[in-house]
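Letter by letter, the chains look like this.
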Amino acid sequence: MPLAPRLPRLLRFPGGPAGPAAAWMLATGLSLSLWPVLPGWAALLLCGAGAALLLGCVQLEPRCRFGRGSSARVRPALVAVAALLLALGSSQWRIADRLQDALDPALEGRDLLLTGTIASLPSRSPSGLRFEFRVDAAEDRGEALRVGAGGAGSVPRSVSMAWFTGFHEDAVLSPAQLSLQAGQRWRFAVRLRQVHGARNPHGFDLERHLFAQGLRAAGVVRSATGPLPGRATAGGTIARARQAVRDAVFEQTGHSRAGGVLAALVVGDQTAIARSDWDLFRDTGVAHLMAISGLHVTMFAWAAGLGVAVLWRRLPGLLHRVPAPLASRVGGLAAATAYAVFAGWGVPAQRTVLMLAVVTFLSLRGRLWPWPSVLLLAGAAVSLFDPWALLDVGFWLSFAAVGLLMACGPALEAPDWTAALQGAQPAPAGGPGALRRALGRCGPVLRDAVRTQWIASVGLAPLTLVLFHQVSLVGFLANLAAVPWVTLVVTPLAMLGVLLPPAWTAGAWAVDAMGWALSAMATWPAAVWRAAASPWPVQAAALLGGVLAVMPLPGAVRVLALPLMLPLVWPAVPVPPHGRFELVALDVGQGTSVLVRTRSRLLVYDAGPQSGRDSNAGERILVPLLQARGERRVDQLLLSHRDLDHVGGAASLMRSLPVGELRSSLEPGHALLDLAGELGVARAPCEAGQSWHWDGVRFELLHPGPGEIERPFGGVGAGARANDRSCVLKVTAAGFDGDLSAWPERNGPPQVLLTGDVEALAEAQLVSSAGDALRSAIVFAPHHGSRTSSTPPFVDAVAARWVLVQAAYRSRFGHPAPAVVARWERQGGEVVQTPVCGAWTWRPGAAGPVCERARTHRHWQHPQGRDGPGPGLGPPPG
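Throughout this document, residue positions are counted from 1 along each chain, in the order its sequence is written. With pLDDT at 70 or above as the cut-off, local features in this predicted model cover only qualifying residues; side-chain atom pairs require 80 or more to be listed or tallied, and sums for whole chains, interfaces and linings still use all residues. Hydrogens and water are ignored here; the side-chain numbers use all heavy atoms of the structure.

Q: Would you take a moment to explain the overall build of the protein for this structure?
A: Strands here mean DSSP runs of E at least two residues long; helices mean DSSP runs of H or I at least four residues long; both are numbered from the N terminus. A tally of regular secondary structure across the protein gives 31 helices and 27 strands. Residue contacts are defined here by distance: any two heavy atoms, one from each residue, within 4.5 Å place the two residues in contact. Counting only contacts in the protein whose residues sit at least 6 apart along the sequence, the fraction spanning at least 24 positions is 72%. Carbon and sulfur atoms provide 62% of the accessible area of the protein, an area that totals close to 39,300 Å². Working definition of accessibility: Shrake-Rupley area with a 1.4 Å probe, residue cover restricted to the visible protein chains.

Q: Which parts of the structure should I look at to understand helix H28 (residues 818–827)?
A: Note on helix geometry: an α-helix contains 3.6 residues per turn, so any two residues three or four positions apart are oriented the same way. Inspection of H28 places Val-820, Val-821 and Trp-824 among the buried residues, and these make up the whole buried set. For H28, the arc enclosing every buried residue in end-on projection is 100°, short of the 170-degree limit, so these residues lie on one face. In H28, the exposed residues that point more than 90 degrees away from the buried face are Pro-818 and Arg-826. Where H28 is buried, its residues touch strand S23 (778–780), helix H27 (792–798), strand S24 (802–805) and strand S25 (830–833). Each residue's exposure class comes from its accessible area (1.4 Å probe, protein chains only) as a fraction of the maximum for that residue type: buried when under 20%, exposed when over 50%, partly exposed otherwise. Working definition: the arc comes from the directions between the helix axis and the C-beta atoms, pointing outward to the latter.

Q: Where do I start with the state of the cysteines in this structure?
A: By definition, a disulfide links two cysteine residues through a covalent bond between their sulfur atoms. Criterion for a disulfide: a pair of cysteine sulfur atoms within 2.5 Å. Under the defined criterion, the tally for this structure stands at 2 disulfides. Disulfide pairing is shown between Cys-686 and Cys-727; the S-S distance is 2.1 Å. Given an S-S torsion of about 105°, the disulfide between Cys-686 and Cys-727 has right-handed geometry. Of the two residues, Cys-686 is situated in the loop between strand S18 (682–685) and strand S19 (691–694) and Cys-727 in the loop between helix H25 (718–724) and strand S21 (728–732); the sequence distance between them amounts to 41 residues. Take Cys-727: its relative accessible area is 0%, and that puts it in the buried class. Covalent S-S linkage joins Cys-837 and Cys-851, the inter-sulfur distance amounting to 2.0 Å. Disulfide Cys-837 to Cys-851: torsion about the S-S bond roughly -110°, handedness left-handed.

Q: Explanation requested: the nonpolar core in the structure shown.
A: Side chains that are nonpolar tend, in soluble globular proteins, to be buried together. Grouped together as the largest cluster of nonpolar side chains are 37 residues, with contacts concentrated most on Leu-262, Phe-281, Val-286 and Met-290. Contributions of two or more residues to this core are made by helix H6 (234–253), helix H7 (257–267), helix H8 (275–283), helix H16 (475–496) and helix H17 (502–522). Once residues within four sequence positions are removed from consideration, Leu-262 is found in contact with Val-249, Thr-253, Val-490, Ala-494, Trp-504, Gly-507, Ala-508 and Val-511. As used here, the term nonpolar core means buried Ala, Val, Leu, Ile, Met, Phe, Trp, Tyr and Cys residues forming a set that is joined through side-chain atoms within 4.5 Å. Residues Ala-585, Val-594, Phe-736 and Phe-780 belong to the second largest nonpolar core, which totals 32 residues.

Q: What exactly am I supposed to notice about the sheet that holds strand S27 (residues 850–851) here?
A: Here, strands pair whenever DSSP counts at least two bridges between them. The sheet built from 8 strands is open, its strands ordered S18-S17-S16-S13-S12-S11-S26-S27 with mixed pairing. Two strands close off the open sheet at either side, each with one partner strand: S18 and S27. Bridge count for strand S11 (residues 582–585) against strand S12 (residues 594–597) is 4 bridges, and the pairing is antiparallel. Within the sheet, the bridge partner assigned to Leu-583 lies in S12 and is Val-596.

Q: Hey, could you run me through the environment of Phe-399 in this one?
A: Considering the arrangement of structural elements, one finds Phe-399 in helix H14 (residues 393–408). Along the backbone, Phe-399 and Arg-351 are 48 residues apart, and their C-alpha atoms lie at a distance of 7.6 Å. Those residues in contact with Phe-399 that sit more than four places away from it in its chain are Arg-351, Leu-375, Ala-378, Gly-379 and Val-382.

Q: What should I look at first to understand the pairing of S11 in this one?
A: Regular strands place their side chains on alternate faces of the sheet. The alternating pattern of S11 places Glu-582 and Val-584 on one face and Leu-583 and Ala-585 on the opposite face, and all of these are buried. In terms of strand pairing, S11 meets strand S26 (residues 840–842) through 3 bridges, oriented antiparallel. Opposite Leu-583, over in S26, you have Trp-842 as the bridge partner.

Q: Help me understand the pattern of salt bridges, please; the structure alone is not making it clear to me.
A: Opposite charge on two side chains permits pairing when their charged atoms draw close. A side-chain nitrogen of Lys or Arg and a carboxyl oxygen of Asp or Glu constitute a salt bridge if their distance falls within 4 Å. Tallying each qualifying case throughout the model produces 24 salt bridges. Across the salt bridge formed by Asp-279 and Arg-282, the nearest N and O atoms sit 2.8 Å from each other. With Asp-279 and Arg-282 both in helix H8 and 3 residues apart, the pair spans about one turn of that helix. Here Glu-852 ties to Arg-855 by a salt bridge, and the two come within 2.7 Å at their closest N and O atoms. Of this pair, Glu-852 and Arg-855 both sit in helix H30 (residues 852–855), 3 residues apart, which is roughly one turn of that helix. Judged by relative accessible area, Glu-852 falls into the buried class, the value being 8%.

Q: What's the story with the environment of Ala-149 in this structure? I'm lost.
A: Following the sequence through the fold, Ala-149 ends up in the loop between strand S4 (143–147) and strand S5 (154–155). Separated by 52 residues in sequence, Ala-149 and Asp-97 place their C-alpha atoms 9.5 Å apart. Dropping the residues within four chain positions of it, Ala-149 is found in contact with Gln-100 and Ser-154.

Q: Hey, could you run me through the packing of helix H11 (residues 324–342) against helix H12 (residues 347–364) in this one?
A: Packed helices, taken two at a time, are described by the angle between their axes plus the distance between the axes. Lines fitted to C-alpha atoms define the axes, with helix axes restricted to the stretch in contact, and inter-axis angles between N-to-C directions lie between 0 and 180 degrees. Axis separation between H11 and H12 bottoms out at 10 Å; the angle between their running directions is 165°. In this view, H11 runs roughly antiparallel relative to H12, as classed from their interaxial angle. H12 is crossed by H11, and the crossing has left-handed handedness. Within the contact between the two elements, H11 uses Leu-326, Arg-329, Leu-333, Ala-336, Thr-337 and Ala-340 and H12 uses Ala-349, Val-353, Leu-356, Ala-357, Thr-360, Ser-363 and Leu-364. Note on residue classes: Ala, Val, Leu, Ile, Met, Phe, Trp, Tyr, Cys and Pro are nonpolar, Asp, Glu, Lys and Arg are charged, and everything else, Gly too, is polar. A per-class count over the contact of H11 with H12 returns 9 nonpolar, 3 polar and 1 charged. Just so you know how the angles are binned, under 35 degrees is roughly parallel, over 145 roughly antiparallel, 65 to 115 roughly perpendicular, and the rest oblique. Each helix crossing is assigned a hand: it is left-handed if the near helix lies turned anticlockwise from the far helix by less than a right angle, otherwise right-handed if that turn is clockwise.

Q: Explanation requested: the sheet that holds S24 in the structure shown.
A: What holds strands together in a sheet is hydrogen bonding between their backbones, with the strands either parallel or antiparallel. On the basis of which strands lie adjacent, the open sheet formed by 7 strands has the order S19-S20-S21-S22-S23-S24-S25 and mixed pairing. Two strands close off the open sheet at either side, each with one partner strand: S19 and S25. Direction aside, the axes of adjacent strands within the sheet are offset by 20° on average. Where S21 meets strand S22 (residues 751–754), 4 bridges bridge the pair, whose relative direction is antiparallel. Residue pairing in the sheet places Lys-730 in a bridge with Leu-753 of S22.

Q: Is there a simple way to explain helix H18 (residues 536–550) in this structure?
A: What a helix should span is 1.5 Å times the count of its residues minus one. Along its 15 residues, H18 runs 22 Å from first to last C-alpha, staying within 8% of the 21 Å computed at 1.5 Å per residue. Taken together, the buried positions of H18 are occupied by Gln-539, Ala-542, Gly-545, Gly-546, Leu-548, Ala-549 and Val-550.

Q: Would you mind showing me how to read the confidence of the model for the protein here?
A: As a note on interpretation, predicted positions should not be read in detail where pLDDT is low. You can read pLDDT as the predictor saying how much it trusts each residue, on a scale of 0 to 100. In the predicted model, the protein carries a mean pLDDT of 86, and the fraction of residues at 70 or more is 88%. A low-confidence stretch, residues 1–14 stays under pLDDT 50, and its non-local contacts, those more than four residues away or across chains, total 27 contacts. Below pLDDT 50 for its whole length, residues 866–878 participates in 29 contacts with residues either more than four positions away or in separate chains.

Q: Before we go on, may I ask you to explain the side chain of Thr-841 in this structure?
A: As for its placement among the helices and strands, Thr-841 is situated in strand S26. Not counting chain neighbours up to four residues away, the residues in contact with Thr-841 comprise Pro-201, Glu-582, Leu-583, Val-584, Gly-848, Pro-849 and Val-850.

Q: Is there a simple way to explain the environment of Val-538 in this structure?
A: Here Val-538 is to be found in helix H18. Spatially, the C-alpha atom of Val-538 lies 8.7 Å from that of Pro-571, the residues being 33 residues apart in sequence.

Q: What am I meant to see in the packing of aromatic side chains here?
A: Two aromatic rings, taken as a pair, are described by how far apart their centres are and by the angle between their planes. What counts as a ring pair is set by centres within 6.5 Å for rings of Phe, Tyr and Trp (its six-membered ring), and what kind of pair is set by the plane angle: stacked under 30 degrees, edge-to-face over 60, tilted for all other angles. For the structure shown, the criterion picks out 18 aromatic pairs. Where Trp-163 meets Phe-188, the ring centres are 5.7 Å apart and the plane angle is 75°; that geometry is what we call edge-to-face. Taken together, the positions of Trp-163 in strand S6 (residues 158–164) and Phe-188 in strand S7 (residues 185–194) put the pair 25 residues apart, joining distant regions of the chain. Looking at Phe-188, the relative accessible area reads 0%, which means it is buried. Centre to centre, the rings of Phe-395 and Trp-396 are 5.0 Å apart; their planes meet at 80°, and the pair counts as edge-to-face. An aromatic cluster is built from Phe-131, Phe-133, Trp-163, Trp-186 and Phe-188, whose rings are joined through pairwise contacts. Definition used: whenever NZ (Lys) or CZ (Arg) falls within 6 Å of the ring centre and also within 35 degrees of the ring normal, the charge is taken to sit over that ring. Note that Arg-98 overlies the ring of Trp-388, its terminal NZ or CZ placed 4.0 Å from the centroid. A cation over an aromatic ring shows up here: Arg-801 above the ring of Trp-802, its NZ or CZ 4.6 Å from the ring centre.

Put into structure tokens, the structure is as follows:
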């Protein structure tokens, strides 16, 4: 007899829940990523009314004439369409509500006073603290501001906050910073700005990431008062408990690799793991184990359910009222839910808890749904609570892994966490027979483990390549050892440490041993395979191939997997024809980085800024972009001069990819020259008159003059002298004679002048020495458009059609200066700014240059990219 109550007709899912769940996820995904935003309340009311009409027809089935024999087909379709309408209306309403929760642009850059709650675990780094701040009240010069209302004089409800220690190497956290804890109330003097992230091809979308978390502004703490008295909310109490456990882990183990991994496994704080450790875990394919995964939640539920069953059987009064299997299932589910909430309620934990809930509920009713229905219903439930989870790569990896294992494994069965206690007969102890029985049981377990890991490794390899452009070739072997080690040793010790802190010490030893083994595997030849990004038809075919490779299908069908996956593994990378070149001006914030790609060679001009003691544009932007483009070597890295906004990412680039030559104006003894020598990179100084040809494309250095790099460096005005030593490079396509009217844009860029940070003195030297050679179709505005550069004689000599300015959004240096922009525009140039355009790409065969921000239109984009016109408009506000 079913133990759960009878469901109303509306909730019985005619034809099963797969149709409505799939329709819900489809509508939510399309609404988030493709469709324009409708008025929130109008969309909700319109779609809600349509869904109510359809569901009413299903509820009153006898009065709705579907036609003879068609009821079984029409009713499921009506329910699915109703789910689609409800998902569309609710997601559009949520998007409109979140868009309204915005920062008034007039408040950007002003000193505001915010009072609120620390809503997340503070993330510590050498640069300072980062945390989410939930705003309760805001003031501007004593005048109260509205919170979450949108429009003039409004600040958002939640802000991504940074509290820096300073850029100096000796800077440390202050006592106030050390006292900051999740759940506390603080009052901060801050400067806010709208969320604006770098936009590069295949790059991380910071604007989407923060929008999905409801963080609609970014702030920097200027001063602080706190913690303030006040009663913590339920969420604040949980957050404070999580931080207390994390801090206890670090106190027991130290801020080491092991401490970060243990903190991630106990409280779900993935920021506790260092970037270098994440790189190691990704390269060995075990990164999924370093977070609260479904495997960990299921193990916790199993252990809790088994404990409840043992306790229940010792209480006859309760046992007569509620059977032990029911108590164990419900108790295990409750424990898993509590653990998932305490660990941050990530997508894998949500998926596991919801699937356990569905299967447990069905088992109580004595029913069983097919695994696709359970998986789709769990996915729809996740998107119901958090629609933006569908934009998270973790969502698809988590559900794809479980789907493959279910499709290739036995039928889904109702969980029975008391099976070990029901009818188990004691085994005879001792003797050779016991050893044979134990070995006999090990065989099937090992076979199942190998089979499961094979399915996960091969089946998910195409999806991993699509999402990350790399796949670990040692991941199969690494996971065979790491999965049982983390699941049965590290994670139990991490959890036990909450009650017995010395267990964390043992857990740290286990993590260190695993780290040593993984580090050894990562050094194996071809441990990681990297591939360029592919078009979506190639990706779709490869995903199908991954499924065919692991499904229990006839060999004649499975053999198709290889030709389907091969184009993704070894894609055809487009290159310019002979005599032409591709130009990419990266969006790196306040700094410079440019790619010049000929048919067989790649030149990187500058490597972007160092944005903190633990972050630089090389590892964040440049290296991932080069790997996604399929670049396996940098033939020449040309560093214009020594400033950190130009060379900040150079070390990361040289350590990540082979570099043929480093050409620069760096003074002898510079650390980057020493690093290049250690890595076997050839070194050469920039000097006017140097030139070379690659694939018919001419490269010519115009500055600095002979012997200028060897001059003494330092003293008053050293920065200015470093700027005026910048390497100035001119690149010209074959056949271009200076006449733009005779050059079709489909030929690609005809000519570009890369100027570094030269200022008025160097510009005068260039005008005098280079003369007509300065003339160029494209120019990078010297010194990011500073008022100390782009002098009238230089602007007239260059006479550029396109003027590129690589600067930060709301640059604190005021780049580009309005007078400089006006000067280039009067000359006839179109000024393109990376804060407005994003990365600027011009490749042969394209209709012309393309702005990355204009290429896609999404609701979460900064208004300059989402609603703003083309790339040639003036400076950003402020």
